[in-house]
Amino acid sequence: MEDNRVFKFIWRANGIFLFIAGMGLIILLLIFAGLLIAESRRWDASPPAISTSSGPNAEPGAFELRLPSQEKTSGSDFTYFELRSGPNSYGSLGSGRSSQLRNIGVYDLKTNKTHWLFPNAQQDIEAFKSVRKTNAGQTGATTHMRTGFLLTVARTLENRSVSRDLWAMSPDGQDLRKILSDIPKSPDIRSYGDTQNKLIISTKSYIDVYPFDVDTLTVGEPTRVSMP
């Protein structure tokens, strides 16, 4: 009889323990899911609205001027300053949100003059990629020369959708023109051999391949590779 009572007590205690452990696990999963949702919302910062009138002078303290990485400033007659909006923030799970690149100033090292690419800060420059070409010398040595930059510029439209365009920029910033409109994301620059350069835009259902001239910073008609 005593053995039977001990068995019942252990069985009930195990049941209560398993119930408490299960509830604790569910609570922990809910907390973890809530943190993930909060972190994902902190990471996604919408581009500025296309209809806003805010600019660097309209929001004191909202912008910060920075010097970008050495890769974009070395081996050239120009250096580039970044106008950024918002602070860098890091979440509890290791994620976070970086400030938005709103404008780029091209500083001429010879004349000490600065040329800003855009008249205001109404866009988010999601990507600022250097374009280079490789020249082979007679001795076999190769040199790399920057021919310009590619900028992926995003803005929020009045219907809350996001519009992304690809702009080409000369090293001095004086030649700035839109070369692709309404792209889903920033393209990758790929080199195949010595002369074949492509812009690759990948999505879940297709890949667009654009011929790309690194000298004139122009693109040709794309070839779309779709899912079979």
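It should be emphasised that the depicted structure is a prediction, and the values quoted were computed from it without experimental measurement.

Participant: Before we move on, could you go through the packing of aromatic side chains and cite the residues and values that matter?
Facilitator: In total, this model carries five aromatic pairs according to the counting rule given. Look at tyrosine 80 and phenylalanine 149: their rings are 4.9 Å apart centre to centre, the planes differ by 75 degrees, and that puts the pair in the edge-to-face class. Remark: phenylalanine 149 occurs in strand S8 (residues 142–156) and tyrosine 80 occurs in strand S2 (residues 78–85); sequence separation between them is 69 residues. In this structure, tyrosine 80 and phenylalanine 149 share a single accessibility class: buried. Note on phenylalanine 81 and tyrosine 107: the rings are 5.7 Å apart at their centroids and 90 degrees apart in plane angle, and the pair reads as edge-to-face. Residue phenylalanine 81 is located in strand S2, and its partner tyrosine 107 is located in strand S5 (residues 100–108); the two are separated by 26 residues in the primary sequence. Under the relative-accessibility criterion, phenylalanine 81 is labelled partly exposed at 23%. Judged by relative accessible area, tyrosine 107 falls into the partly exposed class, the value being 21%. Put simply, the rings of Tyr80, Phe128 and Phe149 pair up and form one aromatic cluster. Against the face of tyrosine 206 rests arginine 224, its NZ or CZ located 3.7 Å from the ring centre.

What counts as what
Residues numbered from 1 in each chain as written. Predicted model: local features only at pLDDT ≥ 70, side-chain atom pairs only at ≥ 80, totals over all residues. Heavy atoms only, no water. Phe/Tyr/Trp six-rings, centres within 6.5 Å; stacked < 30°, edge-to-face > 60°. Helix = DSSP H or I, 4+ residues; strand = E, 2+ residues; numbered from the N terminus. Buried < 20%, exposed > 50% of the residue type's maximum accessible area, 1.4 Å probe, protein only. Lys NZ or Arg CZ within 6 Å of the ring centre and 35° of its normal.

All we've got here are geometric facts, nothing functional implied.
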